[in-house]
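# Fold and geometry: a report
Take a look at the letters that make up each chain.
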Amino acid sequence: MKAEAVESGEASTIIATPKRGLNRGISIADLILRGFAAIGTFGSAMTMGTTNETLAIFTQPLIRARYNDLPSLTFFVIANSIVCGYLVLSIPLSIFHFIRSEAKITRIILLIFDTAMVELLTAAASAATVVVYLAHKGNASANWLAICQQFDNFCERISGSLLGSFASITMMTLIIFASAVALSWN
């Protein structure tokens with residue numbers, strides 16, 4: 001009885017198949033998470049950017065609350081818009097990773113930019129969170145009054161905008177972890 005020799009090409013495809021399937025699954029998850037994160041950042045930027053409430057009080061004419069009255073909220077809108085644009089532009093590269101799951105260089109570049117965008121989005125959401133907290137609670141020692149009792153709609157919208165941004169941060173963090181796993185499997 002003669003032992004059958006296995007061709008080298010056959011053995012490598014048998015071993016590489018589970019890695020390829022895992023990388024394709026990660027690429028699909030990456031694409032879906034990018035889409036949802038783009039929707040979240042777009043929604044957050046639009047909600048915050050269109051927030052405007054006006055009150056008429058007897059003693060004073062009109063009092064307005066707008067997002068662009070506070071630089072932190074303006075930074076929030078700009079950062080969410082930048083991250084949304086980046087996510088939309090990175091979707092074709094994510095589709096490329098689904099087709100060619102063994103591509104390493106582009107995945108590394110995407111991982112670096114994803115990390116930078118998470119940092120930008122986290123900084124913007126953190127700055128806006130401070131303003132939203134002060135709007136809800138105020139600060140007696142700094143003599144800042146809570147404005148959310150008068151501007152209900154304004155406070156609800158900026159709080160909801162923060163939720164969308166923090167959800168996008170979570171999704172982008174998952175994208176980074178998935179990319180790191182895919183790189184370690186290649």
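All chains use their own residue numbering, which begins from 1 and follows the written sequence. Only residues with pLDDT of 70 or above have their local features reported here, since the model is predicted, and side-chain atom pairs are shown and tallied only from 80 upward, although totals for entire chains, interfaces and linings are computed over all residues. The side-chain values count all of the structure's non-hydrogen atoms but skip hydrogen atoms and water molecules.

### Considerations on the overall build of the protein chain
- Per the secondary structure count, the protein chain includes four helices and two strands.
- Only DSSP runs of H or I covering at least 4 residues are called helices, and only runs of E covering at least 2 are called strands; the numbering of each starts at the N terminus. The secondary structure elements of the protein chain, listed N-terminal to C-terminal, are α-β-β-α-α-α.
- Burial analysis of the protein chain (186 residues in total) assigns 35% to the buried set.
- For the protein chain, contacts bridging at least 24 residues in sequence account for 76% of all contacts bridging at least 6.
- Carbon and sulfur atoms make up 69% of the accessible area of the protein chain, which totals about 11,000 Å². Working definition: with a 1.4 Å probe on protein chains only, accessible area under 20% of the residue-type maximum means buried, over 50% means exposed, and in between means partly exposed. By definition, residues are in contact when any of their heavy atoms lie within 4.5 Å. In this description, accessible areas are obtained by the Shrake-Rupley approach with a 1.4 Å probe, and a residue is regarded as covered only by the protein chains that are shown.

### Re the UniProt feature "transmembrane region" (unreviewed entry) in the protein chain
- UniProt tags residues 31-50, 70-96, 108-135 and 162-185 as "transmembrane region" (unreviewed entry).
- The span residues 108-135 is 100% helical and 0% strand by assignment, and the distance between its end C-alpha atoms comes to 41 Å. UniProt positions are given in the numbering used here, feature names are shortened, and annotations may be inferred rather than shown by experiment.

### What to know about the environment of asparagine 23
- By the element assignment, asparagine 23 lies in helix H1 (residues 8-49).
- The sequence separation of asparagine 23 and serine 179 amounts to 156 residues, and the corresponding C-alpha distance is 9.2 Å.

### A word on the layout of surface pockets
- Whether a set of points on the 1 Å grid over the protein atoms alone is a cavity depends on a 1.4 Å probe fitting there but being unable to get out, while an open set qualifies as a pocket with protein on both sides within 12 Å along at least five of seven lines; lining residues are those with an atom within 4 Å of a point. Grid points are joined across faces, edges and corners, and a volume is the space filled by probe spheres set on the points. For the largest pocket, the calculated volume is near 340 Å³.
- The wall of the largest pocket is formed by 15 residues, among which Leu70, Leu134, Ala135, Leu145 and Ile147 lie closest to the centre.
- Going through the elements one at a time, strand S2 (62-66) and helix H3 (105-137) are the ones with two or more residues in the lining of the largest pocket.
- Three categories are distinguished: nonpolar for Ala, Val, Leu, Ile, Met, Phe, Trp, Tyr, Cys and Pro, charged for Asp, Glu, Lys and Arg, and polar for the others, with Gly belonging to the last. Grouping the constituent residues of the lining of the largest pocket by class yields 11 nonpolar, one polar and three charged.

### Comments concerning the packing of aromatic side chains
- Aromatic pairing here means that ring centres of Phe, Tyr or Trp (its six-membered ring) are within 6.5 Å. Orientation follows from the plane angle: under 30 degrees is stacked, over 60 is edge-to-face, and everything else is tilted. Under the counting rule described, the total for this entry stands at one aromatic pair.
- Put simply, a charge is over a ring when the Lys NZ or the Arg CZ is close to the ring centre, within 6 Å, and near the line of the ring normal, within 35 degrees. Above the face of the phenylalanine 98 ring, arginine 24 is positioned so that its terminal group lies 5.3 Å from the ring centre.

### Brief notes about helix H2 (residues 71-99)
- A rise of 1.5 Å per residue sets the reference length of H2, with its 29 residues, at 42 Å; its end C-alpha atoms lie 43 Å apart and thus fit the reference within 8%.
- Throughout, bend refers to the angle between the axes fitted to the seven residues that end at a position and the seven residues that start at it. Of all the bends in H2, the greatest reaches close to 35° and is centred on isoleucine 91; the proline proline 92 follows between one and four positions later.
- All of the buried residues in H2 are Leu73, Phe76, Val77, Ala79, Asn80, Val83, Cys84, Tyr86, Leu87, Ser90, Ser94 and His97. Here a helix's expected span is defined as the number of its residues, less one, multiplied by 1.5 Å.

### Quick look at the packing of H2 against H3
- Interaxial angle, 0 to 180 degrees, is taken between N-to-C directions of lines fitted to C-alpha atoms, where a helix line uses only the stretch in contact. Between H2 and H3, whose axes approach to 9 Å, the crossing angle comes to 160°. In this view, H2 runs roughly antiparallel relative to H3, as classed from their interaxial angle. Relative to H3, H2 is oriented so that their crossing is left-handed.
- Looking at the contact of H2 with H3 residue by residue, the classes come out as 20 nonpolar, five polar and two charged. Throughout, the term roughly parallel applies to angles under 35 degrees, roughly antiparallel to angles over 145, roughly perpendicular to angles from 65 to 115, and oblique to all others. With the far helix as reference, a near helix turned anticlockwise by less than a right angle produces a left-handed crossing, and one turned clockwise produces a right-handed crossing.

### Thoughts on the pattern of salt bridges
- What counts as a salt bridge is simple: a side-chain nitrogen of Lys or Arg found within 4 Å of a carboxyl oxygen of Asp or Glu. A complete count under the given rule lists two salt bridges for this structure.
- The partner of aspartate 30 in a salt bridge is arginine 34, and the shortest N-O contact between them spans 3.1 Å. Taken together, the positions of aspartate 30 and arginine 34, both in helix H1 and four residues apart, correspond to about one turn of that helix. Of the two residues, aspartate 30 and arginine 34, neither departs from the other in class, the shared state being buried.
- One salt bridge in this structure joins aspartate 114 and arginine 34, with 2.7 Å as the shortest N-O distance. With aspartate 114 in helix H3 and arginine 34 in helix H1, the pair connects residues that are 80 residues apart, well separated along the chain.
- Each of Asp30, Arg34 and Asp114 takes part in a single network of salt bridges with overlapping partners.

### Let's talk about the packing of H2 against helix H4 (residues 152-185)
- Interaxial distance between H2 and H4 falls to 12 Å at its minimum, and their mutual angle equals 40°. Regarding the angle of H2 to H4, the classification is oblique. For the element pair H2 and H4, the recorded crossing hand is left-handed. Note on element contacts: H4 touches H2 through Phe154, Ser161, Leu162, Ser165 and Met172, opposite Leu73, Phe76, Asn80, Val83 and Leu87.
- Its residues assigned to classes, the contact of H2 with H4 comprises seven nonpolar, three polar and no charged.

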